[in-house]
Structures are given as structure tokens and as C-alpha cells.
Amino acid sequence: LRLARTASRMLRIAGGTFTMGCTPEQGGSCQNDEFPAHTVSVDDFLLSPYELTQSEWAELVPEYTPLYNRGEGADYPTYRVSWYDAATYCNRRSLAEGLEPAYYFDEAYTQVFDSLVNDQLAYVPIFWKPDANGYRFPTEAEWEYAARGGQASGGFRYAGSDNLDEVAWHDGNTNSSTQPVGQKAPNELGLYDMTGNIYEWCWDWYDDDYYGISPADNPEGPDSGTLVCIRGGSWISSEDGSRLANRLNFLPGARRTTFAFRLARTIND
């Protein structure tokens, strides 16, 4: 039963070192914010093999149904979810499972974040407690490392293949809609839909020059910003926009039919 798998299973992603950004297999299509290619190391972490589904969302956030004629069903990815909405879900799920929440309203980590911000221009500060074992976003570096296949990477243009149709729902094969999660081939790590279907929020604030100053170990993005990184392409993305190094950014309060997320967790052992 897929719902049981999506609701409970997380994959341990073995950490390692990789080249992030505009690498040769990206085919000369890189944007300015993908430069310079730079060496990054990430620690082990947990990541869901699937994008968060509509049934999972409805169980914990019943007061907001984020659908708009772009695919509907228990196994479809949720969408029209802002960065704030996604952080709220992460914390509610952490509390429901007896885990320590990752996100807070305050730097002292005393007030658990829970806010469905229905205005994309609104700004609400979020503070991440990095050692919390609860659910969270992947960082942009963790996301790209996992999408590339981690230590098992085959060096593909997309997540798991150079053939976009094998691994992704995109603008050429979706009929303008999301599709149930896990229908295309997974990448080298057993992760589905890292390319296509729905864009996935990351933790990091966006800076188009960040790659030039990024720390080499476990980068978490700039300390602040206006826009948040979102990765992976969606049902509306072109072949070039689906490349795994391609970066997108948007206001954290934006609810779009192409925006959602997958769950990550920190490993403390």
C-alpha cells in the first residue's frame, strides 16, 4: 500500500562530497546563479523517497486544502503550499510522532513555529534548530547531492537519467497536471520525482552570488534574504528548467500550483 510507505518511510542518505552547480553534464545551459561549480560536503541525513502527498497533508493540516485543478487524489503530491505552510506541516508531524520540532518563531527555540501565512508578501521569521530530530526541509546542498545520486551518482543531467521522460513529469508529458508520486523511475538512491512533478522548497534563503562564498561543509545558505530556494522542476518545466542544477527562487509566502516539498530529517547518532 503506497500510502503506508509515503507516510512512514525515510531513506538514509549517506553523506559525501560532490561538485555543486554547473557541471559538464548540464549541457552548457547553466544560468549565472549556478556558477561557480564548487566542492561541497554534506553529512548523512534522512530524506523521503516521495514528495509529500495530499493524504499526508490533509491528516495534519485539515484547515487548509491546497488544491486547484492540477491533480487530485490521495497519492498525488500536495501543492499550493508555501514555505511557511510546509514548515508548519513539518512541525505538526514532528509533534505527532514525538520528535523535536525543527522550526521556531524565536532564536531561543521556545515557541514552535505554526503559521499558515495567506499572503505571499508577508514576512514571518523562522529559526531552524539544526540538531532537532524532527522533520524539516533539506538544505539546497542536501537536495542537490541527493538528486545527483549521492555516492552512487551516475553523473546525469536529470535526477537518475539523461532521458527526462524516464524520470520526470514535465511540460511535455503531463497534460498540465501533477501526477501520483512514484510513477516514474527513481534515481540512484531510490528517490522519486526529484526531477519534475512538483517544485520542492529548500531551507535556504536565495542569493544569486552565494555559490562564490558558500562554505565547503554543510552549507545552509545565507543568514537572511527575501526569496527562498526551490528546486527540482515541475509539471510545467521545460527540459532545460528540469536540469538538476537549475535553481529557482520565490517569496516564502507564495502558494503556487507548482510548489510543494518533501521531508528531510537530521541524524544525530
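What you see is a predicted model, and the numbers here were worked out from it, not measured in a lab.

### Some thoughts on the state of the cysteines
Right, so step 1: All chains considered together, the criterion is met by one disulfide.
Right, so step 2: Bridging Cys22 to Cys30, the disulfide has an S-S length of 2.1 Å. With the S-S dihedral at roughly 85°, the linkage between Cys22 and Cys30 falls on the right-handed side. Neither residue differs from the other here; Cys22 and Cys30 are each classed as buried.
Right, so step 3: Free cysteine: Cys90, not disulfide-bonded; nearest cysteine sulfur from Cys202 at 12 Å.
Right, so step 4: Cys202 forms no disulfide, and the closest cysteine sulfur to it belongs to Cys229, at a distance of 6.5 Å.

### So, the pairing of strand β2 (residues 16–20)
Right, so step 1: Residues of β2 alternate between two faces, with Gly16, Phe18 and Met20 buried on one and Thr17 and Thr19 left unburied on the opposite face.
Right, so step 2: Judged from the five bridges that link them, β2 and strand β3 (residues 38–42) form a sheet pairing that is antiparallel. Paired with Thr19 across the strands is Thr39, a residue of β3.

### Some words on unusual backbone geometry
Right, so step 1: Cis geometry marks the peptide bond from Phe35 to Pro36, where omega comes out at -10°.
Right, so step 2: One can find Pro36 in the loop between β2 and β3.
Right, so step 3: The backbone of Asn69 sits at a positive phi, close to 60°, despite the residue not being glycine.
Right, so step 4: Within the secondary structure layout, Asn69 lies in the loop between α2 (54–60) and α3 (83–96).
Right, so step 5: Residue classification places Asn69 among the exposed positions, given a relative accessible area of 73%.
Right, so step 6: Notably, Asn175 is not glycine yet its phi reads approximately 60°, a positive angle.
Right, so step 7: Mapping Asn175 onto the fold places it in the loop between α5 (164–167) and β8 (199–205).

### Things to note about empty space enclosed by the protein
Right, so step 1: Per the counting criterion, the structure on display carries one cavity of 30 Å³ or more.
Right, so step 2: Roughly 50 Å³ of volume is contained in the largest cavity.
Right, so step 3: Here the lining of the largest cavity is built from residues that sort into five nonpolar, two polar and two charged.

### Things to note about the pairing of strand β9 (residues 228–231)
Right, so step 1: Neither face of β9 is exposed, since Val228 and Ile230 on one face and Cys229 and Arg231 on the opposite face are all buried.
Right, so step 2: With three bridges connecting them, β8 and β9 associate as antiparallel partners. Looking at β9, one finds that Trp201 is bridged to Ile230.
Right, so step 3: Relative to strand β10 (residues 247–250), β9 runs antiparallel, the two sharing four bridges. Counterpart to Val228 in the pairing with β10 is Phe250.

### Brief notes about the pattern of salt bridges
Right, so step 1: One pass over the full model with this rule turns up 18 salt bridges.
Right, so step 2: Among the ionic pairs, Arg92 bridges to Asp114, the shortest N-O distance being 2.9 Å. One end of the pair, Arg92, is in helix α3; the other, Asp114, is in the loop between β5 (103–104) and β6 (127–128), and 22 residues separate them in sequence.
Right, so step 3: Look at Asp114 and you get partly exposed, because its relative accessible area is 36%.

### Some details on the nonpolar core
Right, so step 1: Within the largest apolar cluster, 36 residues are counted, with the highest numbers of intra-cluster contacts made by Trp83, Tyr103 and Phe261.
Right, so step 2: Setting aside anything within four residues of it in sequence, one finds Tyr103 in contact with Ala87, Cys90, Asn91, Val112, Phe113, Ile126, Phe127, Trp128, Tyr135, Arg136, Phe137 and Trp203.
Right, so step 3: Counting 22 residues, the second largest nonpolar core, distinct from the first, contains Ile13, Tyr145, Leu191 and Tyr210.

### Some points on the sheet that holds β8
Whenever strands of a sheet pair, they do so through backbone hydrogen bonds, lying parallel or antiparallel.
Right, so step 1: If you trace the four strands from one edge of the open sheet to the other, you get β10-β9-β8-β11, paired in mixed fashion. Edge positions in the sheet fall to β10 and β11 (259–260), since each of these pairs with one other strand and no more.

### Re the confidence of the model for the protein
Right, so step 1: Per-residue pLDDT for the protein averages 95, and the proportion of residues at 70 or more is 97%.
Right, so step 2: For residues 1–7, every residue scores under 50 in pLDDT, and the model assigns this stretch 16 contacts once sequence neighbours within four places are set aside.

### Describing the sheet that holds strand β1 (residues 11–13)
Right, so step 1: One open sheet holds the four strands; their spatial order is β1-β4-β12-β7, and the pairing between them is antiparallel. Edge positions in the sheet fall to β1 and β7 (135–136), since each of these pairs with one other strand and no more.
Right, so step 2: Bridging between β7 and strand β12 (residues 264–266) involves two bridges; their strand directions are antiparallel. Note on β12: the bridge partner recorded for Tyr135 is Arg265.

About the criteria used
Residues numbered from 1 in each chain as written. Predicted model: local features only at pLDDT ≥ 70, side-chain atom pairs only at ≥ 80, totals over all residues. Heavy atoms only, no water. Disulfide = S-S within 2.5 Å. Buried < 20%, exposed > 50% of the residue type's maximum accessible area, 1.4 Å probe, protein only. Helix = DSSP H or I, 4+ residues; strand = E, 2+ residues; numbered from the N terminus. Pairing = 2+ DSSP bridges. 1 Å grid on protein atoms, 1.4 Å probe; cavity = no way out; pocket = protein on both sides within 12 Å on 5 of 7 lines; lining within 4 Å. Points joined across faces, edges and corners; volume = space filled by probe spheres on them. Nonpolar A, V, L, I, M, F, W, Y, C, P; charged D, E, K, R; others polar. Salt bridge = Lys/Arg side-chain N within 4 Å of Asp/Glu carboxyl O. Core = buried A, V, L, I, M, F, W, Y, C linked by side-chain atoms within 4.5 Å. Contact = heavy atoms within 4.5 Å. pLDDT = per-residue confidence, 0-100.

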